[in-house]
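Coordinate analysis (summary)
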Amino acid sequence: MNKIYDKLTTLDFAVIAIYLVALLIIGYIASFKNKKKDETLFMAGNSLNWYNIGFNMWGTNVGPSSLLAFASIGYTAGIVGGNFEWYAFVFLLLLAMVFAPRYIASKVSTMPEFMGKRYGKSTQDILAGYALIKILISWLSLGLFSGGILVRQILGIPMWQSTIVLVAFAGLFTFMGGLKAIARVNVFQMILLIVVSLTLTFLGLREIGGISALIDKTPANFWNLTRPASDPGYPWHALLLGYPVSAVAFFCTDQSMVQSVLGAKNLKQGQLGVNFIGWLKVLALPMFILPGIICYVLYPNLGDDKLAYMTMVTNLFPSGLNGLVICVLIAVLVATIGSSLNALSTVFTKDIYVNNINKNATVKQQVNVGRMVVIAGCVLAVLMAIALDNIEGKTLFDIFQSILGYLAPPLAVTFLLSVFWKRTTKLAVNLILSAGSAVSLFVGMLNLWIMPPNTTTGENLWWPHYFLVSFYLFAFLFVSAIIISLADNNKVKAAIEENEIPKTSRQVKILFALLGLVILSLYLIFNFH
């Protein structure tokens, strides 16, 4: 594969330099010139519109792992990866209609704070600690690791160098601007990503001879969203049962995703932003998956399926556009790593520092502590990303999904029961978040590191699919929480239950109904082939 670096011209370097400087300038203007500049590091002063929210959530969701992983799945298995974008509609709907109204009514800035209002300080402290671990592992480290793979493919530099460069710039941007700057810039970054990715797909289809030629040259099952139960990669029942566990935790309880909704001007803007990310997810097939399928036809002898995306870029893009490609990659990395660093600093500052260390901290002190957390997060993320580079035997996408699958069950159980069943007690929630999390993480360590299944040697093949393991953990913890709550006579009077839940507008309901019809149509079209 030809390195992009070898093709860079003076114009490419100029484009990259201008883009990096523009990011920092926009970040400075967006936050430091704002009258509420201290608050904007955390919640953007509750000033985000629907398009800021939608693009920011999508930019956080569509990290470097998406560019590599979806093209990789497209290269090896076709459009089955579309499930992870289109099935998400159900859980975006759950966020918009059920969770968001309660989050906004409770006037909180973090998820631990929300649960603290429901069950008290001990629950908030436990969840804050778990949230920090989750952000560090599932967002910062994995995002930086996948981004490091991209930079290594482009420039041919070692992982440690690429991760340090990436996290240093993203950390500087977050340090200077905070969430509001990230949200403002993401509108531009995501438009740039759409343009470049669709251009890549167009050039590939033109090379093949059109969509009909592409379909003729690929296996028929490449165009099915559902796979048989015997499929070793993505069996339908594993996706149906296991993905919801991860999706509830990811879309409805994850600070990195939900913080944009918490920064909305009002509930309607927050719900419209969630609806908007659903429409953006419809574009996953032409932007992320089709390049991998096209690469399967044009370059069928790749040694590593993770090279699919960059193979397309280096072979199809004309000279002069490579600088723009690098700008898109930088945009995606800044969005993912920046939002994760912001979420890390928000949770630590609001739920640990103010709650336990300095209850009388001034806003200025909180901001300074948040920025120190950003620096610490950068260092830890680099170390963990380098360690992840030594994991073998799983694709990047499966590593991401399996780790999230083992982090998710305690969060999914506690948040679902807390919202839908008022009888859930503090004891049940605290035990699930502490002991339940320990069980879930231990099982994950067994599956991924200690006793991983090995198809080459035939060892430990008794493991079910990681999504099924996640579902079994969820079911066990869910039933345990119900039993503990029924046996516990200490009912909790929750402050958030007294807050009036704002109503959802008719416009929001209509837009979600239309989106649902589109998703249903896609599942009918891309099956039975």
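Right, let's walk through the structure included here. (Residues numbered from 1 in each chain as written. Predicted model: local features only at pLDDT ≥ 70, side-chain atom pairs only at ≥ 80, totals over all residues. Heavy atoms only, no water.)

1. Re the environment of Phe-222
If you trace the backbone, Phe-222 turns up in the loop between α10 (211-216) and α11 (236-253). Put simply, Phe-222 and Val-80 are 142 residues apart on the chain and 7.5 Å apart in space, counted from C-alpha to C-alpha. What Phe-222 contacts, discounting residues up to four positions off in sequence, is Gly-74, Tyr-75, Thr-76, Ala-77, Gly-78, Ile-79, Arg-227, Ile-293 and Tyr-296. (Helix = DSSP H or I, 4+ residues; strand = E, 2+ residues; numbered from the N terminus. Contact = heavy atoms within 4.5 Å.)

2. What about the packing of helix α8 (residues 121-155) against helix α19 (residues 426-450)?
Across the interface, α8 lies against α19 with an axial gap of 9 Å and an inter-helix angle of 20 degrees. Classified by the angle between their axes, α8 and α19 sit roughly parallel to one another. Relative to α19, the crossing made by α8 is left-handed. Of the residues in α19, those in contact with Ser-122, Thr-123, Ile-126, Leu-127 and Tyr-130 of α8 are Lys-426, Val-429, Asn-430, Leu-433, Ser-434, Ser-437 and Leu-441. For the contact of α8 with α19, the class distribution of residues is 6 nonpolar, 5 polar and 1 charged. (Axes fitted to C-alpha atoms, helices over the stretch in contact; angles between N-to-C directions. Parallel < 35°, antiparallel > 145°, perpendicular 65-115°, else oblique. Left-handed = near helix turned anticlockwise from the far one by under 90°. Nonpolar A, V, L, I, M, F, W, Y, C, P; charged D, E, K, R; others polar.)

3. Quick word on the packing of helix α6 (residues 89-106) against helix α7 (residues 111-119)
Viewed as axis vectors pointing N to C, α6 and α7 meet at an angle of 80 degrees, and their least axial separation amounts to 10 Å. One way to sum up the angle between α6 and α7 is to call them roughly perpendicular. Across the interface between the two elements, Arg-102, Tyr-103 and Ser-106 of α6 pack against Met-111, Phe-114 and Lys-117 of α7. Of the residues in the contact of α6 with α7, the class split is 3 nonpolar, 1 polar and 2 charged.

4. Describing the pattern of salt bridges
In this structure the tally under the stated criterion is 4 salt bridges. A salt bridge links Lys-134 to Asp-254; its shortest N-O distance comes to 2.3 Å. Taken together, the positions of Lys-134 in helix α8 and Asp-254 in the loop between α11 and α12 (255-262) put the pair 120 residues apart, joining distant regions of the chain. Take Asp-254: its relative accessible area is 3%, and that puts it in the buried class. Put simply, Arg-227 and Asp-231 hold a salt bridge, and the shortest N to O gap is 3.4 Å. Given a relative accessible area of 17%, Asp-231 falls into the buried group. (Salt bridge = Lys/Arg side-chain N within 4 Å of Asp/Glu carboxyl O. Buried < 20%, exposed > 50% of the residue type's maximum accessible area, 1.4 Å probe, protein only.)

5. Describing the packing of aromatic side chains
The full count for this structure, using the stated rule, is 23 aromatic pairs. Ring centres of Phe-114 and Phe-415 lie 6.5 Å apart, and the angle between their planes is 10 degrees; this geometry places the pair in the stacked category. You can see Phe-114 sitting in helix α7 and its partner Phe-415 sitting in helix α18 (residues 396-420), a full 301 residues away along the chain. When its relative accessible area of 0% is taken as the criterion, Phe-415 is described as buried. For the pair Phe-474 and Phe-478, a centre-to-centre distance of 5.6 Å together with 35 degrees between the ring planes defines the contact as tilted. Taken together, the positions of Phe-474 and Phe-478, both in helix α20 (residues 466-487) and 4 residues apart, correspond to about one turn of that helix. An aromatic cluster of at least three residues, connected via ring pairs, comprises Phe-84, Tyr-87, Phe-91, Tyr-234, Tyr-243, Tyr-466 and Phe-467. (Phe/Tyr/Trp six-rings, centres within 6.5 Å; stacked < 30°, edge-to-face > 60°.)

6. Re the side chain of Asn-447
When you line up the elements, Asn-447 lands in helix α19. You can call Asn-447 buried: its relative accessible area is 3%.

7. Section: helix α14 (residues 284-298)
Here α14 contains 15 residues, and its C-alpha end-to-end distance of 20 Å stays within 8% of the 21 Å for a straight helix at 1.5 Å per residue. At Leu-290, α14 shows its largest bend, some 45 degrees, and a proline, Pro-291, comes one to four positions later. Of all 15 residues in α14, 12 are buried, a share of seventy percent or more. (Expected span 1.5 Å × (residues − 1). Bend = angle between axes of the 7 residues up to and from the residue.)

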